[in-house]
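Now for the letters of each chain:
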Protein chains: 2
Amino acid sequence: MSVSASTMLRGAHQVISAAEIDAKVKKGRPLRVKLGVDPTAPDLHLGHTVALNALRRFQDAGHLVVFIVGDYTARIGDPSGRSETRPPLSAEAVKANATTYLAQVFKVLDEKKTEVRWNSEWLAPLFRNEGADPRNTILGVLARHTVQQLTEREDFANRLKAGSPLSLLELLYPLMQGYDSVAVKADVELGGTDQLFNLLMGREMQKDMGQEPQAVMTFPLLEGTDGVKKMSKSYGNYVSINEPPAEMFGKVMSIPDALMWKYYELLTEEDLAAAKALHPMEAKKRLAAVLTDKYHPGQGAAARAGFEKVFSKREEPEEVAPHTVSRSPIKMIDLLLEAGLAPSRNEARRLLQQGAVAVAGEKVSDDRELTVHSPVLLKVGKRQFRKVLPAGR
Amino acid sequence: MSVSASTMLRGAHQVISAAEIDAKVKKGRPLRVKLGVDPTAPDLHLGHTVALNALRRFQDAGHLVVFIVGDYTARIGDPSGRSETRPPLSAEAVKANATTYLAQVFKVLDEKKTEVRWNSEWLAPLFRNEGADPRNTILGVLARHTVQQLTEREDFANRLKAGSPLSLLELLYPLMQGYDSVAVKADVELGGTDQLFNLLMGREMQKDMGQEPQAVMTFPLLEGTDGVKKMSKSYGNYVSINEPPAEMFGKVMSIPDALMWKYYELLTEEDLAAAKALHPMEAKKRLAAVLTDKYHPGQGAAARAGFEKVFSKREEPEEVAPHTVSRSPIKMIDLLLEAGLAPSRNEARRLLQQGAVAVAGEKVSDDRELTVHSPVLLKVGKRQFRKVLPAGR
């Protein structure tokens with residue numbers, strides 16, 4: 001394995017196979033490294049960048065990225081579950097989404113080493129069933145694959161076992177994705193660990209068409225800022241690559257320490273051993289600064305300084321209004337009310353339950369008692385602060 | 001149920017539902033009665049005519065037949081089993097097959113009351129996925145149906161249980177057939193009992209499109225001349241509608257008596273009670289004459305006369321050579337050898353096993369002993385006869 005190849009494998013969960021990639025690299029021509037996306041998520045977050053970072057490593061080693069916009073199927077409503085079909089996207093909406101998507105993608109990828117392709121280019125002809133070779137017609141593709149083969153996919157098998165609906169369109173997705181690989185003659189395809197089956201389908205279909213099969217690499221799913229669930233807009237645990245610098249820095253600082261090394265490995269090019277040698281707080285600030293710099297070049301240091309000014313105990317922000325508690329211990333809802341940070345007990349309870357309240361940088365989500373011995377920072381939401389002072393001081 | 005409706009249900013195995021058909025008839029407009037065929041079998045036999053006869057009954061009651069040629073999928077190779085894919089039919093071959101097919105179909109159907117449609121008319125646009133309504137795109141159709149729904153079909157379920165391959169194209173066939181019903185706005189669809197699932201799929205898809213769902217009628221599969229297996233060219237037990245009159249008459253005469261009433265019901269318009277009142281031999285000759293007349297108008301009586309001349313005991317054909325047995329009783333193989341009707345014991349045994357040997361018009365298939373008291377006709381194959389005479393006469 002060459003040094004550059006091992007760099008290209010950074011963070012990969014599974015590689016099938018490293019030897020194949022090495023052999024392909026040794027042929028001397030730039031590899032065609034494929035990533036396909038559905039143009040339905042116009043706001044990219046760090047979870048999306050895991051694969052993009054890996055693609056960038058290939059580009060930096062001289063290879064070509066083939067970035068496939070899945071515009072063909074995006075015009076169909078969400079197939080998951082029969083009753084909850086989403087209205088299909090119009091061709092215009094697909095195009096608008098894709099444009100937004102691509103603008104963000106090129107914050108990570110090198111545009112000059114990227115070939116952007118829309119899969120309607122070959123899927124529309126495939127579905128017209130006019131190809132002389134049946135392997136180039138969707139009916140022919142369907143004739144060459146079995147229900148058994150497709151339902152081997154683990155999540156499909158689980159859903160069938162559980163009796164939860166699996167639409168035929170979902171069943172066909174792997175074939176369409178596999179045909180994408182045939183169409184662009186991919187040498188390598190990248191995807192999340194949940195994509196392994198689909199990536200291997202590309203290999204099979206390329207072999208069936210007499211092409212050299214693509215190597216495949218899967219990458220772990222990135223947990224969000226809660227450290228538990230997959231980063232996703234719908235879980236509210238995401239860091240958008242469009243966040244303003246201070247927000248991005250702050251959100252990265254909020255991840256659990258244990259998750260920090262995974263972020264380092266998958267989201268940066270930093271040396272992991274060097275980072276681990278640092279004090280954890282310093283390591284996390286450095287991670288936050290590197291990521292802020294990546295999406296807001298030159299602004300990582302300022303974001304760090306701003307964060308430290310607000311959140312370090314030693315130097316609280318000057319503009320924070322003081323509030324002297326009426327008693328200590330005091331229950332959280334009473335404190336939020338008397339400090340003027342909530343208009344009602346219900347609102348105060350809601351803020352706690354939503355995780356919007358922090359004491360000395362630690363989230364407090366229940367109506368616990370707080371004993372105030374010394375000044376402590378109380379934060380509600382993103383912008384409201386009180387310097388809480390002991391009673392009778 | 002009106003009288004005409006009950007006539008139209010003659011021989012049906014299952015009707016869903018008779019009340020629906022009655023209600024549709026009562027609306028007063030001609031019903032659109034659908035039958036779909038794959039243009040891959042250019043030589044029609046009586047088994048194929050079961051549904052055609054039923055369609056003709058609808059036509060005679062004033063309704064319209066919508067005869068659908070499945071040209072769209074016929075261009076794809078046989079999907080059953082992954083390894084044994086047949087080469088796809090060319091568009092020209094499909095057209096030639098369909099032309100041959102239609103010429104034969106109009107020996108049963110009234111051409112003036114038949115609307116012939118080729119399903120490429122709507123399946124080609126469906127597959128282009130350009131419809132504004134996703135229900136008119138194949139991707140949309142796939143999104144609205146689940147694997148579970150399709151694999152409810154009994155033969156599919158059995159194959160999955162048995163681990164034998166089920167191609168995705170096969171899985172999609174019911175949807176394409178169902179969409180045919182949507183496209184032609186069928187009021188009724190007919191098919192074999194093995195088609196029930198596909199016919200009901202048409203009902204579901206019509207409902208989904210806001211159409212009044214079609215009624216469905218299934219017809220039993222017709223056993224061939226062996227009385228055991230489904231009539232099929234590949235079993236050699238078929239009666240082609242293109243057989244010359246004498247062959248057709250003779251083949252019908254060779255069916256087991258027990259099968260005769262089913263032939264009457266499914267292949268003719270004869271009164272069943274009246275036929276059953278006849279002597280079985282007379283009933284069978286009448287059946288054979290009616291069917292011969294149907295496909296060779298006016299030639300039934302001559303075919304019957306010819307048959308009787310050859311096969312009746314009272315008036316044996318003059319040119320039959322006599323053979324006096326060496327002993328009686330005599331075993332069949334010995335008899336065939338000494339009469340010069342078989343060159344060897346093996347060949348004689350083979351002829352018996354194949355059912356090629358008849359004594360006095362009754363098939364003899366084992367090496368039984370024959371006691372010869374009086375002259376008896378021995379027949380081998382279609383053309384060899386001996387008048388067997390008692391020994392020492």
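The following refers to the structure shown.

The rules behind the values
Within each chain, residues carry numbers counting from 1 in the order of the written sequence. Naming scheme: in the order in which they are written, chains are lettered from A and ligands are numbered from 1. For a predicted model such as this one, the threshold for reporting local features is a pLDDT of at least 70, and the threshold for listing and counting side-chain atom pairs is 80 or more; totals across whole chains, interfaces and linings nevertheless cover every residue. Processing note: side-chain calculations cover all non-hydrogen atoms of the structure and skip hydrogens and water entirely. A least-squares fit on C-alpha atoms brings the copies together, and the residues used are those whose pLDDT is at least 70 in both copies. Residue contacts follow a heavy-atom distance rule, with two residues in contact if any of their heavy atoms lie within 4.5 Å. By buried area we mean how much accessible surface two parts lose on assembly, using a 1.4 Å probe and totalling the loss over both. The term salt bridge refers to a pairing of a side-chain nitrogen on Lys or Arg with a carboxyl oxygen on Asp or Glu at a separation within 4 Å. Pairs of N or O atoms are called polar contacts if they sit within 3.5 Å, as long as, within protein, a hydrogen donor faces a hydrogen acceptor (for residues adjacent in sequence, only side-chain-to-side-chain pairs). The helix and strand labels rest on DSSP assignments: H or I over at least four residues marks a helix, E over at least two residues marks a strand, and numbering proceeds from the N terminus. Only Asp, Glu, Lys and Arg are considered charged in this grouping, and only Ala, Val, Leu, Ile, Met, Phe, Trp, Tyr, Cys and Pro are considered nonpolar; every other residue, Gly among them, is considered polar. Pairing between strands is defined by DSSP: at least two bridges between the two strands are required. Helix span, expected: 1.5 Å multiplied by one less than the number of residues in the helix. Burial classification: accessible surface area is computed with a 1.4 Å probe over protein chains only, and a residue below 20% of its type maximum counts as buried, one above 50% as exposed, and the rest as partly exposed.

1. Quick word on the relation of the copies chain A and chain B
Between the two chain copies there is a screw-like relation: a rotation about an axis and a shift along it.
And then number 1: The transformation that overlays chain A on chain B combines an axial shift of 0.6 Å with a rotation of 178°, and the residual RMSD is 1.2 Å. Those values place the two copies in the arrangement expected of a two-fold rotation axis. Considering only C-alpha atoms, the residue of chain A closest to the rotation axis is A:Arg128, which sits at 2.0 Å.

2. A look at the interface of chain A and chain B
And then number 1: Across the boundary between the two partners, chain A contributes 37 residues, which contact 37 residues of chain B.
And then number 2: Summing both sides of the interface, chain A and chain B together bury roughly 3100 Å²; the carbon and sulfur share of this comes to 69%.
And then number 3: Joining chain A to chain B, the criterion identifies zero salt bridges.
And then number 4: The interface formed by chain A and chain B contains 14 residue pairs in polar contact (both at pLDDT 80 or more).
And then number 5: Contributing elements (two or more residues each) for the side of chain A that touches chain B: α4 (71–74), α6 (120–128), α7 (138–143), α8 (147–150), α9 (154–162) and α10 (168–184) of chain A.
And then number 6: Ranked by residue count, the leading element in the side of chain A that touches chain B is α10(A), at six residues.
And then number 7: Looking at the side of chain A that touches chain B, its residues break down into 21 nonpolar, eleven polar and five charged.

3. Some words on the sheet that holds strand β12 (residues 376–380) of chain B
All names here are of chain B.
And then number 1: The five strands are arranged β7-β13-β12-β9-β10 in an open sheet whose pairing can be described as mixed. Two strands lie at the open edges of the sheet, namely β7 (321–324) and β10 (362–363), each paired on one side alone.
And then number 2: As defined by bridge partners, strand β9 (residues 357–359) adjoins β12 across three bridges and the pair is classed as antiparallel. In the strand pairing of β12, Ala 358 is matched with Lys 379.

4. Things to note about helix α11 (residues 196–208) of chain B
And then number 1: Taking 1.5 Å of rise per residue, the 13 residues of α11(B) would be expected to cover 18 Å, and the 19 Å separating its terminal C-alpha atoms lies within 8% of that figure.
And then number 2: Within α11(B) the residues assigned to the buried category are B:Phe197, B:Asn198, B:Leu199, B:Met201, B:Gly202, B:Arg203, B:Met205 and B:Gln206.

5. Here we look at the side chain of A:Arg117
All names here are of chain A.
And then number 1: Looking at where Arg 117 falls in the secondary structure, it is placed in strand β4 (residues 114–118).
And then number 2: Polar contacts involving the side chain of Arg 117 include one to the side chain of Glu 115, which spans 2.6 Å.
And then number 3: In this structure the side chain of Arg 117 is engaged in a polar contact, spanning 2.9 Å, whose partner is the side chain of Glu 121.
And then number 4: Once residues within four sequence positions are removed from consideration, Arg 117 is found in contact with Arg 32, Val 66, Phe 67, Ile 68, Val 69, Trp 122 and Val 184.

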